[in-house]
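# Coordinate inspection notes
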Amino acid sequence: MTPPLLGFSPETFSRRRETVTEGLRGGALLLPSAPLLHRSRDTEHRYRPDSELFYLTGSTEPGVVALLRDHGEGDRFVLFVPERDPAAELWSGPRMGPQELRERLGADSACPTEELKRRLPELLKGARRLFFRLGMQPVLDVRVVEILKEARRKGARKGEGPRAVVDPGEVLDDLRLRKEPGEVARIRRAADLTVASFREALAEARPGMGEWEVESVLESGFRRAGALGPAFPTIVGSGRNACVLHYSCNGGVLSAGDMVLLDGGAEVDLYSADVTRTFPSEGRFTGPQRDVYQVVLGAHRAALAAIRPGVRMDDVHRHALVELTRGLVNLGVLSGEVDDLVERKAFERYFPHQTSHWLGLDVHDVGDYVVDGASRVLEPGMVLTVEPGLYFAQDPVSEPMAYSGMGVRIEDDVLVTTEGGDNLTRALPVDPGELEGLVAG
Ligand code: GLY
Ligand code: MN
Ligand code: MN
């Protein structure tokens, strides 16, 4: 089981709770642990704590429900925790009971989860609204619906209980979007060991090797360096498999003359990295491969150079789109005026995703990309990926061309600083010549 707090100080969490509790404005926030997920029959997946619960409490235990209250008298931070169970602990190891976890996390009070049904209505009396994510955990949904029904029945006369349910993202996402130094340090570490493991994987890659073997070199690098493992299923797409955006079966074999798209990232103390490199399996790009690669690299460089505070997320994307579109015209894939083609989204068939997403506790981290109808303005402390690509999936009805079956993506992780962008994964080359030098071939 992952230990609580993961090296963050208890003050880090109490400071965050103070900010969030203020944002509840007379309401309450109910946050459960992530569920234990069954893999098949009675076998479970390895436990991954909930990002929001961890962010606010440091809890990494399953079965916990945290309640923050900005209303009424009494405790502000309450925990519901399963009682210790020696029979279960025989299989899954020691757990913290209510009092142990209360002390560890600095909660005002803790009671056994078994008491939630009886105590929660009492604790929510007088809350103006409840911040809770409906539809995730049926047992808790039932409790919340009961409380809302009761509040509707009695509320008009007594003013008791919440009348509205609001997504917790409303009070959490913007805070999580701006990373604190301790969070940046973890993302940096995830980035560093992802880069080191990519070097190992590239040094082993050669024609005849299974995609699964490349995956195993990368992921064993993550684990050997102390990461929890991959932050998402590693993508090793050789040849046309690179055109499947979230390909992850990794069951193909690297063929001579093919490129390989490797997209992976380590998770360190629950924080993620997310890196992609596309390289030739033999260590030499063919002419057409290099041409496509250079277009994506131009887009990658243009997007990276655009990152600085005050710039909108959409501007970064647009820089990539212009370069990709210009490149598609030069390759002879599109014809027309670049601006007009960008406007008409002619690139979409070859670049169907966005250039960036936020990165943090979740690999596709939280934070709205559009605020009040306009693209989000970048601020220091935000972390985003830059990952333009071109994918020439073979379409059975059109004539094949020189680039058919090729897929190229280049992805780095960037911290927005006061001066511009700090590329956290720049130590892994993107220059085609340098990349060739890293591949065993
Ligand atoms: N690895 C998934 C992504 O790049 O978003
Ligand atoms: Mn990726
Ligand atoms: Mn990504």
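Each remark here, short or long, concerns the structure printed above.
Scope of this entry: the structure provided in the associated data block. (Residues numbered from 1 in each chain as written. Chains lettered and ligands numbered in written order. Predicted model: local features only at pLDDT ≥ 70, side-chain atom pairs only at ≥ 80, totals over all residues. Heavy atoms only, no water.)

## Things to note about helix H1 (residues 10-23)
Using the following cut-off: Per the convention used, a helix needs a DSSP run of H or I reaching at least four residues, while a strand needs a run of E reaching at least two, with both numbered from the N terminus. What a helix should span is 1.5 Å times the count of its residues minus one. When a residue's accessible area, from a 1.4 Å probe over protein chains only, is under 20% of the maximum for its type it is buried; when over 50% it is exposed; and in between it is partly exposed. The arc refers to the directions leading from the helix axis to the C-beta atoms.
Look at H1: 20 Å from first C-alpha to last across 14 residues, which is about the 20 Å you get at 1.5 Å a residue. Buried residues of H1: Thr12, Phe13, Arg16, Arg17, Val20 and Thr21, and no others. Burial along H1 is one-sided: seen end-on, the buried residues are contained in an arc of 155 degrees. Among the exposed residues of H1, those oriented more than 90 degrees off its buried face are Glu11, Glu18 and Glu22. Looking one or two residues past H1, arginine 25 carries a phi angle of roughly 40 degrees, positive in sign.

## With respect to helix H4 (residues 98-105)
Put simply, the rule reads: We call two residues contacting when some pair of their heavy atoms lies within 4.5 Å.
Those residues of H4 not exposed but buried are Pro98, Leu101 and Leu105. Viewed along the axis of H4, the buried residues span an arc of 75 degrees, placing them on a single side of the element. On its buried face, H4 sits against H1, helix H2 (51-57), strand E5 (77-81) and strand E6 (109-112). Just downstream of H4 lies glycine 106, where phi reads positive at about 75 degrees.

## Considering the layout of surface pockets
Under the convention used in this document: Computed over the protein atoms alone on a 1 Å grid, cavities are sets of points where a 1.4 Å probe fits but cannot get out and pockets are open sets with protein on both sides within 12 Å along at least five of seven lines; a residue lines them when it has an atom within 4 Å of a point. Grid points are joined across faces, edges and corners, and a volume is the space filled by probe spheres set on the points. Residue polarity is assigned by list, with Asp, Glu, Lys and Arg as charged and Ala, Val, Leu, Ile, Met, Phe, Trp, Tyr, Cys and Pro as nonpolar; anything else, Gly included, falls into the polar class.
Of the volumes computed, that of the largest pocket is approximately 1100 Å³. As for the largest pocket, its lining consists of 34 residues, of which Ala34, Arg46, Tyr47, Arg48 and Pro49 are closest to the centre. Only strand E1 (28-32), H2, helix H9 (211-224) and strand E9 (229-230) provide two or more residues apiece to the lining of the largest pocket. Counting residues per element, the lining of the largest pocket draws most heavily on E1, at 3 residues. Class assignment of the residues belonging to the lining of the largest pocket gives a composition of 17 nonpolar, 7 polar and 10 charged.

## Quick notes on the nonpolar core
Selection rule: To form a nonpolar core, buried Ala, Val, Leu, Ile, Met, Phe, Trp, Tyr and Cys residues must be joined to one another through side-chain atoms within 4.5 Å.
Counting 113 residues, the largest nonpolar core has Leu79, Leu262, Leu390 and Phe392 as the members making the most contacts within it. The element best represented in this core is helix H8 (residues 181-204), accounting for 9 residues. Sequence-distant contacts of phenylalanine 392, defined by excluding residues within four places in its chain, comprise Cys243, Val292, Leu328, Leu331, Val333, Tyr350, Met401, Tyr403, Ser404, Gly405 and Met406. If you look at the next biggest cluster of nonpolar residues, it comprises 18 residues, including Val65, Leu116, Leu120 and Leu140.

## What to know about the sheet that holds strand E17 (residues 383-386)
Just so we agree on the cut-off: For two strands to be treated as a pair, DSSP must find at least two bridges joining them. The axes are straight lines fitted to the C-alpha atoms, using for helices just the contacting stretch, and the angles between their N-to-C directions are given from 0 to 180°.
On the basis of which strands lie adjacent, the open sheet formed by 3 strands has the order E17-E20-E21 and antiparallel pairing. Two strands lie at the open edges of the sheet, namely E17 and strand E21 (421-423), each paired on one side alone. Taking each pair of neighbouring strands and ignoring which way they run, the sheet shows an average axis angle of 35 degrees. Note that E17 and strand E20 (residues 412-416) share 4 bridges and pair antiparallel. When the bridges of E20 are listed, valine 383 appears paired with leucine 415. Running over the sheet, helix H10 (residues 287-306) touches E17, E20 and E21 and is turned about 160 degrees from E17.

## Quick notes on the coordination of the manganese ion (ligand 3)
Note on metal sites: the ideal angle is 109.5 degrees for four tetrahedral donors, and 90 or 180 degrees for six octahedral donors. Under the convention used in this document: Excluding water, the donors of a metal are its N, O and S neighbours within 2.8 Å, or within 3.2 Å for Na, K and Ca, and that exclusion means sites may look incomplete. For four-coordinate sites, all angles between 85 and 135 degrees define a tetrahedron; for four- and six-coordinate sites, opposite donors beyond 155 degrees with the remaining angles between 65 and 115 define square planar and octahedral shapes respectively, and all other cases count as irregular.
Coordination of the manganese ion (ligand 3) by the protein comes from Asp274 (OD), His357 (NE2), Glu387 (OE) and Glu411 (OE), over a distance range of 2.1 to 2.2 Å. Around the manganese ion (ligand 3) sit 6 donor atoms; with metal-centred angles ranging over 51 to 156 degrees, the donor geometry is irregular. All donors of the manganese ion (ligand 3) belong to a single chain; written as a sequence motif, their spacing is D-x82-H-x29-E-x23-E.

## A word on a nonpolar patch on the surface
Our working definition: Surface patches are drawn from residues lacking salt bridges whose relative accessible area is over 30%; two like charges belong together within 9 Å, two nonpolar side chains (Val, Leu, Ile, Met, Phe, Trp, Tyr) within 5 Å. Only the protein chains shown count as cover for residues, with accessible areas throughout obtained via the Shrake-Rupley method and a probe of 1.4 Å. Think of a salt bridge as a Lys or Arg side-chain nitrogen and an Asp or Glu carboxyl oxygen that are within 4 Å of each other.
A cluster of nonpolar residues, Leu134, Val145 and Val165, forms a patch on the protein surface that exposes about 210 Å² of accessible area. Tracing the backbone through its elements, the reader meets leucine 134 in the loop between strand E7 (130-131) and helix H6 (138-158). Classification of leucine 134 as partly exposed rests on a relative accessible area of 43%.

## Focus on the coordination of the manganese ion (ligand 2)
At 2.1 to 2.4 Å from the manganese ion (ligand 2) lie its protein donor atoms, namely Asp263 (OD), Asp263 (OD), Asp274 (OD) and Glu411 (OE). Around the manganese ion (ligand 2), the 6 donor atoms are arranged such that angles at the metal cover 56 to 168 degrees; this shape is classified as irregular. Linear spacing of the donor residues for the manganese ion (ligand 2) on their chain is D-x10-D-x136-E. A separation of 3.3 Å is found between the manganese ion (ligand 2) and the manganese ion (ligand 3), both of which receive a donor from aspartate 274. Here aspartate 263 is found in strand E11 (residues 259-264), whereas its partner glutamate 411 is found in the loop between strand E19 (407-409) and E20, with 148 residues between them in sequence. Residue aspartate 263 shares its accessibility class with glutamate 411, and that shared class is buried.

## Things to note about the packing of H10 against helix H11 (residues 313-330)
Spelled out, the test is: Put simply, angles under 35 degrees are roughly parallel, angles over 145 are roughly antiparallel, angles from 65 to 115 are roughly perpendicular, and the rest are oblique. Note: crossing handedness is left-handed where the near helix turns anticlockwise from the far helix by less than a right angle, and right-handed where it turns clockwise.
In contact at an axis separation of 8 Å, H10 and H11 are set at 155 degrees when each is read in the N-to-C sense. The angle between H10 and H11 places the two elements in the roughly antiparallel class. As H10 runs across H11, the sense of the crossing is right-handed. Contacts between H10 and H11 involve Val295, Val296, Gly298, Ala299, Ala302, Ala303 and Ala306 from the first element and Val316, His319, Ala320, Glu323, Leu324 and Gly327 from the second. By residue class, the composition of the contact of H10 with H11 is 9 nonpolar, 3 polar and 1 charged.

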